[in-house]
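Analysis of the macromolecular model
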2 protein chains.
Amino acid sequence: MNIVDKLIENTIRTKNPSVIGLDPDIGKIPACYKVNAKSNNPFEAVANVIYEFNRDVIDTVADLVPAVKPQMAFYEKYGSYGVAAFEKTVAYAKSKGLVVIEDAKRNDIGNTAGAYADGHLGCVELLDGSCSPSFDADFLTVTPFLGSESLHPFIDVCVKNSKGIFVLVKTSNTSSGEIQDVVVSDGMTISQSIAKYVSEQADAFTGEHGYSSIGAVVGATYPEEAVSLRKLMPKSYFLVPGYGAQGGSAKDIIPCFNEDGLGAIVNSSRGILYAHMSETERQQCSRDEYLQCVVAATITMKTEIYTVLKKNYTNMIY
Amino acid sequence: MNIVDKLIENTIRTKNPSVIGLDPDIGKIPACYKVNAKSNNPFEAVANVIYEFNRDVIDTVADLVPAVKPQMAFYEKYGSYGVAAFEKTVAYAKSKGLVVIEDAKRNDIGNTAGAYADGHLGCVELLDGSCSPSFDADFLTVTPFLGSESLHPFIDVCVKNSKGIFVLVKTSNTSSGEIQDVVVSDGMTISQSIAKYVSEQADAFTGEHGYSSIGAVVGATYPEEAVSLRKLMPKSYFLVPGYGAQGGSAKDIIPCFNEDGLGAIVNSSRGILYAHMSETERQQCSRDEYLQCVVAATITMKTEIYTVLKKNYTNMIY
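In this report, the structure presented in the accompanying data block is examined. Small disclaimer: the values here were computed from a predicted structure and weren't measured.

With that settled, consider unusual backbone geometry. For residues besides glycine, phi is generally negative; the peptide bonds are generally trans as well. Residues and elements named next belong to chain A. Here S162, not a glycine, exhibits a phi torsion of approximately 50°, which is positive. As for its placement among the helices and strands, S162 is situated in the loop between α6 (152-161) and β7 (164-170). The partly exposed category is assigned to S162, whose relative accessible area is 29%. The backbone of D186 shows a phi angle near 50°, a positive value even though the residue is not glycine. Mapped onto the fold, D186 is located in the loop between β8 (183-185) and β9 (188-189).

As structure tokens, then:
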């Protein structure tokens, strides 16, 4: 099964083309998760808190969203213990039927890019010559700065293992244009030129719903660019950051979608995990109170997006 | 102490501006390292082999080179166990007086870039509110695709913790030009425009020898580009990949250096670790035989580079 089909089927089932970013920030996780941290190793203690927090969030949202997006930076900052918490989070989210989009923005060339691809999406060689999955995420974000040959090893592993990537095409941040908006030739920007390459690769690897798991990151904060990028990559799934905390509104994400209401998945991290409680409240709340806020924020986002899509696309299939 | 001064002092002491890439590849590590792998967990078994192999290489080259460059992809492919081997490798190399350049090409924005910077070069928040170093590498490679604001968090952490970064400016691979050679304005390429930014940041953070630990990756395979990049970034240290296995010759690395024979450090990974023995030989050799090959390859590279620099730069300070 092409993993993009699972993403689509989860989206149709939940009527929710959004994804919750699992960005555990120890300074913001409610105090109730931190009181019983068990480990004499302070890094392992943090990792335990992160995993317990994630497990609760995953249990709470598993029927509401199609996917989660753990941001690797927040795990690997705690070294091998943090990475172990990441591994457990991926496995747990998958066991609950969620698609896991690993946001790690890996990039390199040749056998080094191959090592990243094998480790995150494929399988790795062991001492007895056998091969075993390592992180086993469903999708991985990748950065294309080293050119098309740096993307090949990731695409090869996706095709071989029915996985997916989201190539950074137009990111949501203010200074994204410094490189991404530079004009290559014939008025085509670097973003558009990467989009053309992504689209060619996507066309060769589509699933049952006509979409491809060779996708693109397209920020919610640049709706005008999204119009042309959607046209250039009709079959690629878009991962759309920048919604909420970064300034993108429900209206801004419309051009990232196709008429069928598919083709994109909108991320919110802080807007779901931390925004609906003040810092003081997070120091005092119970787990139930905290998780009710997560549900409320998830449903608010779902409703905002679904409403605006229904209004604009009359051919939505869900 | 600015970490670039340690790199320079190590370079002067060893008369060797090169760095050995620690890219452990289980398919290429000599068989003698694999026979006694101890662990029932197959990932931990690989990680143990990797660390034992690295420790031998580090012991062997510690007096011959100023630095080592572990490539994170080859560790994290084995998940948390591989990352633990990475952590031990960094600590061991530092205990032997080597500068550690972590090649991980991290990139992101805002608090996510901050999490990468804190984890790899700074210190991370623990449950009791204290802060502790995590990976504690000396330098980290970073990818600038998301623009200058994506570099700030890394630079801030470098200044705060006396660490360094090498920003990817012009990479050694064939398709690097697809993005990096595109002209922004006034004939200035994207590489040159990033170089200008790196240079501005570098100027504000120089060490005793007049160089900065806000450095750049400039591939050995593009000597003409290196000429202009050296001029644009006179104080930045260059990390130079592409030597040996990737086609760069000793002659090609000349423009990466300044007249004093400083300003750059040339990497070789496979050319040191795997190239001087055939696959069959690596299946049969003893540790001593293997490590003699590592020494021979290290000295050959040092001699090639030192000879060509001495010939071209009469003002070398070592």
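Still more ground to cover, so stick around.
With that out of the way, let us pick up the interface of chain A and chain B. Between chain A and chain B, the residue contacts involve 68 residues of the former and 68 residues of the latter. Here chain A is connected to chain B by four salt bridges. Between K105(B) and D108(A) there is a salt bridge, with its nearest N and O atoms 2.9 Å apart. Taken together, the connections running from chain A to chain B amount to 38 residue pairs in polar contact (both at pLDDT 80 or more). At six residues, the largest contribution of residues to the side of chain A that touches chain B is made by helix α5 (residues 110-121) of chain A. The residue inventory of the side of chain A that touches chain B, partitioned by class, reads 33 nonpolar, 23 polar and 12 charged.

Attention now goes to the packing of helix α2 (residues 42-61) of chain A against helix α12 (residues 287-312) of chain A. Residue and element names in this part refer to chain A. Following both chains from N to C, one finds α2 and α12 inclined at 50°, their axes separated by 10 Å at the closest point. By the criterion of interaxial angle, the relationship of α2 to α12 is oblique. Crossing hand, α2 versus α12: right-handed. Residues E52, F53, D56, V57, T60 and V61 of α2 form the contact with α12, whose participating residues are R287, Y290, L291, V294, V295 and T298. Residue composition of the contact of α2 with α12, grouped by class: seven nonpolar, two polar and three charged.

Now for the sheet that holds strand β1 (residues 18-22) of chain A. Residue and element names in this part refer to chain A. The strand order around the closed barrel formed by eight strands is β1-β2-β3-β6-β7-β10-β11-β12, and the pairing between neighbours is parallel. Ignoring strand direction, the axes of neighbouring strands in this sheet form an average angle of 30°. As paired elements, β7 and strand β10 (residues 212-218) share five bridges and run parallel to each other. Each residue of the ladder has a partner; that of L168, found in β10, is V217.

Here the focus is the sheet that holds strand β3 (residues 99-106) of chain B. All names here are of chain B. Taken together, eight strands build a closed barrel; the order of strands is β1-β2-β3-β6-β7-β10-β11-β12 and the barrel is parallel. Direction aside, the axes of adjacent strands within the sheet are offset by 30° on average. The pairing of strand β10 (residues 212-218) with strand β11 (residues 236-240) spans three bridges and is classified as parallel. Bridge pairing in β11 places A216 opposite F238.

Residues and elements named next belong to chain B. With 26 residues, helix α12 (residues 287-312) should reach 38 Å at 1.5 Å per residue; the first-to-last C-alpha distance of 38 Å fits that figure. The complete set of buried residues in α12 reads Y290, L291, V294, A297, T298, M301, I305, Y306, V308 and L309. On the buried face of α12, the contacting elements are β1 (18-22), α2 (42-61), β12 (264-268) and α10 (270-273).

Moving on, we get to the state of the cysteines. Residue and element names in this part refer to chain A. Applying the stated criterion across every chain, the model contains two disulfides over all chains. Sulfur-sulfur distance for the disulfide between C123 and C131 comes to 2.2 Å. The sign of the S-S torsion, about 95°, decides the handedness of the disulfide formed by C123 and C131: right-handed. The thiol of C293 is unpaired, and the distance to the nearest cysteine sulfur, on C285, comes to 7.2 Å.

Residues and elements named next belong to chain A. Contact geometry of α5 with α6 gives a least axis separation of 8 Å together with a crossing angle of 35°. In terms of crossing hand, the pair formed by α5 and α6 is right-handed. Counting all contacts with α5, which are made through G110, A113, G114, Y116, A117, D118 and L121, the residues of α6 involved are P153, F154, V157, C158 and N161. Split into classes, the residues belonging to the contact of α5 with α6 amount to eight nonpolar, three polar and one charged.

For the match of chain A to chain B, the screw axis carries a shift of 0.0 Å, the RMSD comes to 0.0 Å, and the turn is 180°. Look at the turn and shift together and you get a two-fold axis relating the two. Taking C-alpha positions as reference, the residue of chain A nearest the rotation axis is S80(A), located at 2.3 Å. When you check the interface residues of chain A against chain B, 100% turn up at the interface there too, and the contact is symmetric in its surfaces.

Residue and element names in this part refer to chain A. Within the structure shown, the criterion is met by 22 aromatic pairs over all chains. Relative to Y78, the ring of F43 lies with its centre 6.2 Å away and its plane at 65°, an arrangement referred to as edge-to-face. Residue F43 is found in helix α2, and its partner Y78 is found in the loop between α3 (73-76) and α4 (79-95); the two are separated by 35 residues along the sequence. Judged on exposure class, the residue F43 and its partner Y78 are both buried. Summarising the aromatic geometry, the rings of F139 and F166 are spaced 4.8 Å apart at their centres and angled 20° between planes, so their arrangement reads as stacked. Within this pair, whereas F139 is found in strand β6 (residues 139-142), its partner F166 is found in strand β7, the two being separated by 27 residues in sequence. A residue is classified by how much of its surface remains accessible, and F139, at 0% relative accessible area, is buried. Residue class for F166 comes out buried when judged on its relative accessible area of 0%. Through successive ring pairs, a cluster of aromatic residues spans Y33, F53, Y274 and Y290. Above the face of the F238 ring, R230 is positioned so that its terminal group lies 4.0 Å from the ring centre.

Glancing now at the nonpolar core. Ranked by size, the top nonpolar core spans 228 residues in total, and within it I253(A), Y290(A), I253(B) and Y290(B) carry the most contacts. When residues no more than four places from it in sequence are discounted, the contact partners of Y290(A) are P30(A), Y33(A), F53(A), V57(A), L273(A), M277(A) and C285(A).

Residues and elements named next belong to chain B. If you walk through the whole model with that rule in mind, you get one cavity of 30 Å³ or more. Estimates place the volume of the largest cavity at around 30 Å³. Considering the residues around the largest cavity, the lining is formed by I272, L273, Y274, A275, H276, M277, R282, Y290, C293 and V294. The set of elements that each furnish at least two residues to the lining of the largest cavity consists of α10 and α12. The element that contributes the greatest number of residues to the lining of the largest cavity is α12, accounting for three residues. In the lining of the largest cavity, the residues fall into eight nonpolar, one polar and one charged.

What counts and how
Residues numbered from 1 in each chain as written. Chains lettered and ligands numbered in written order. Predicted model: local features only at pLDDT ≥ 70, side-chain atom pairs only at ≥ 80, totals over all residues. Heavy atoms only, no water. Helix = DSSP H or I, 4+ residues; strand = E, 2+ residues; numbered from the N terminus. Buried < 20%, exposed > 50% of the residue type's maximum accessible area, 1.4 Å probe, protein only. Contact = heavy atoms within 4.5 Å. Salt bridge = Lys/Arg side-chain N within 4 Å of Asp/Glu carboxyl O. Polar contact = N/O pair within 3.5 Å; in protein donor to acceptor, adjacent residues only side chain to side chain. Nonpolar A, V, L, I, M, F, W, Y, C, P; charged D, E, K, R; others polar. Axes fitted to C-alpha atoms, helices over the stretch in contact; angles between N-to-C directions. Parallel < 35°, antiparallel > 145°, perpendicular 65-115°, else oblique. Left-handed = near helix turned anticlockwise from the far one by under 90°. Pairing = 2+ DSSP bridges. Expected span 1.5 Å × (residues − 1). Disulfide = S-S within 2.5 Å. Least-squares fit on C-alpha atoms with pLDDT ≥ 70 in both. Phe/Tyr/Trp six-rings, centres within 6.5 Å; stacked < 30°, edge-to-face > 60°. Lys NZ or Arg CZ within 6 Å of the ring centre and 35° of its normal. Core = buried A, V, L, I, M, F, W, Y, C linked by side-chain atoms within 4.5 Å. 1 Å grid on protein atoms, 1.4 Å probe; cavity = no way out; pocket = protein on both sides within 12 Å on 5 of 7 lines; lining within 4 Å. Points joined across faces, edges and corners; volume = space filled by probe spheres on them.

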